[in-house]
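Notes for the structure review
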Amino acid sequence: MNEIASPGQLRLAYLRWALVTVPVIVLLGFLSGQFANSGFGNRWFDALVKPALMPPGWAFGVAWTILYIAMALALAIVLHARGAKGRGVAITLFLVQFVMNLAWSPLFFRAHQVGSALVLILALFVLVALTAWLFSRIRRVAGWLLLPYLAWLAFASFLNYELNRLNPDAETLVAPALQTQI
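In this text the structure is predicted, and so the values were computed from the model without any measurement.

With their axes 10 Å apart at the nearest point, helix α3 (residues 57–80) and helix α4 (residues 87–110) run at an angle of 160 degrees to one another. The angle between α3 and α4 falls in the class roughly antiparallel. As for the relative orientation of α3 and α4, their crossing is left-handed in sense. The residues of α4 that touch α3, namely those facing W64, Y68, M71, L75, V78 and L79, are R87, I91, F94, Q97, F98, N101 and L102. Of the residues in the contact of α3 with α4, the class split is 10 nonpolar, two polar and one charged.

Listed below in structure tokens is the structure:
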């Protein structure tokens, strides 16, 4: 027997990584959105003028769930690739971009900093592109798994830009208070 580990053992090791990364990344993404009171139903956000290409509210939850799962699987693949050249840098860059990702919702939805959120998402796009490239150098499929995230960030950057353009006073906008009529 010349093998250190059988293919089945290698798959099992990857699955162990995935069983950790997927729930953690999905949970952190969910918590970031909850903390920020993100999306439709946020009175400040509802008061903004939206671009014509704004998807329905449910689409964001579905898209981000799928994207977080793909990101987590890509991370699990790279974590599993012990001894791969550049693995440490790739994981570090992934963690940096992920923290930036988690910071975007509170910056936009809670702090109402639309312009700063645009700068953040553009920087995030660059870091994710670099992360995808580094991941693909370790395992091609890990890089491919980040491409939908990159595409969504491009679209989200466009939406952020349009919201900033259509709402120059967004940062000072005070959402109307809820009123009860009897």
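Taken together, the side chains of V20, V24, L27, L28, F30 and L31 make up a nonpolar region of the molecular surface, amounting to roughly 530 Å² of accessible area. On the secondary structure map, V20 appears in helix α1 (residues 7–36). Overall, V20 belongs to the partly exposed group, its relative accessible area being 48%.

Turning next to the side chain of N160. Relative to the assigned elements, N160 resides in helix α7 (residues 147–166). For N160, a relative accessible area of 1% puts it in the buried group. Excluding anything up to four places from it in sequence, N160 contacts W104, F108, V114, A117, L118 and I121.

Moving on, we get to the layout of surface pockets. For the largest pocket, the calculated volume is near 760 Å³. Forming the boundary of the largest pocket are 31 residues, of which S38, F60, W64, S105 and F109 lie nearest the centre. Secondary-structure elements contributing two or more residues to the lining of the largest pocket are α1, α3, α4, α5 (114–138) and α7. Per-class residue counts for the lining of the largest pocket are 18 nonpolar, 13 polar and no charged.

For the rest of this paragraph, the subject is the environment of P56. As for its position among the elements, P56 is in the loop between α2 (43–47) and α3. Its relative accessible area of 40% is what places P56 among the partly exposed residues. For P56 and F40, which are 16 residues apart along the polypeptide, the C-alpha to C-alpha distance reads 8.6 Å.

Quick look at the packing of aromatic side chains now. With the rule as written, the count across this model stands at 13 aromatic pairs. Here W104 and F109 contribute two aromatic rings whose centre-to-centre distance is 5.8 Å and whose plane-to-plane angle is 80 degrees, an arrangement assigned as edge-to-face. Overall, the relative accessible area of 17% leaves W104 in the buried class. For F109, a relative accessible area of 8% corresponds to the buried category.

This next bit is on the pattern of salt bridges. In a structure, side chains of opposite charge can pair up when their charged atoms sit close to one another. Counted by the stated rule, this structure contains one salt bridge. R165 is the partner of E162 in a salt bridge, and the nearest nitrogen-oxygen pair spans 2.6 Å. One end of the pair, E162, and the other, R165, are both in helix α7, three residues apart, so they sit about a helical turn from each other. Note on R165: relative accessible area 48%, which makes it partly exposed.

Turning our attention to the confidence of the model for the chain. In the predicted model, the chain carries a mean pLDDT of 90, and 89% of its residues have values of at least 70. α7 holds the highest mean pLDDT among the elements of the chain, 98, whereas α1 holds the lowest, 83.

On to the packing of α4 against α7, then. Contact pair α4 / α7: the axes reach a minimum separation of 14 Å and the direction vectors enclose 25 degrees. With respect to each other, α4 and α7 are oriented roughly parallel. Of the two possible hands of crossing, α4 and α7 adopt the one that is left-handed. Residue-level inspection shows Q97, N101, W104 and F108 of α4 in contact with α7, the latter providing Y149, N160 and L163. Grouping the constituent residues of the contact of α4 with α7 by class yields four nonpolar, three polar and no charged.

How each quantity is defined
Positions within a chain are numbered from 1, following the residues in the order the chain's sequence is written. The model is predicted, so local features are restricted to residues of pLDDT at least 70 and side-chain atom pairs to those at 80 or more, both for listing and for counting; the totals for chains, interfaces and linings are taken over all residues. Neither water nor hydrogens contribute to the side-chain values; these are computed over all heavy atoms in the structure. Between the N-to-C directions of two axes lies an angle of 0 to 180 degrees, each axis being a line fitted to C-alpha atoms and, for a helix, fitted only over the stretch in contact. Helix numbering and strand numbering both begin at the N terminus, where a helix is a DSSP run of H or I of at least 4 residues and a strand a DSSP run of E of at least 2. Oblique is the label for any angle not under 35 degrees, not over 145, and not in the 65 to 115 range, which are roughly parallel, roughly antiparallel and roughly perpendicular in turn. Each crossing gets its hand from how the near helix is turned against the far one by less than a right angle, where anticlockwise is left-handed and clockwise is right-handed. Residue contacts follow a heavy-atom distance rule, with two residues in contact if any of their heavy atoms lie within 4.5 Å. Ten residue types, Ala, Val, Leu, Ile, Met, Phe, Trp, Tyr, Cys and Pro, are classed as nonpolar, four, Asp, Glu, Lys and Arg, as charged, and the remainder, Gly among them, as polar. Grouping into patches uses exposed residues only, defined as over 30% relative accessible area, and leaves out salt-bridged ones; the cut-off is 9 Å for like charges and 5 Å for nonpolar side chains (Val, Leu, Ile, Met, Phe, Trp, Tyr). What sets the accessible areas is the Shrake-Rupley method with a 1.4 Å probe; for residues, cover comes only from the shown protein chains. Basic side-chain nitrogens of Lys or Arg form a salt bridge, by our definition, when they fall within 4 Å of a carboxyl oxygen of Asp or Glu. Relative accessible area decides the class of each residue, using a 1.4 Å probe on protein chains only: under 20% of the type maximum gives buried, over 50% gives exposed, and in between gives partly exposed. Detection works on a 1 Å grid of protein atoms alone, calling trapped sets that fit a 1.4 Å probe cavities and calling open sets with protein on both sides within 12 Å along at least five of seven lines pockets, with lining residues defined by an atom within 4 Å of a point. Grid points are joined across faces, edges and corners, and a volume is the space filled by probe spheres set on the points. Any Phe, Tyr or Trp ring, taking Trp's six-membered ring, that has another such ring centre within 6.5 Å forms a pair; planes under 30 degrees apart are called stacked, those over 60 apart edge-to-face, and the others tilted. Confidence of the predictor at the level of single residues is given by pLDDT, which spans 0 to 100.

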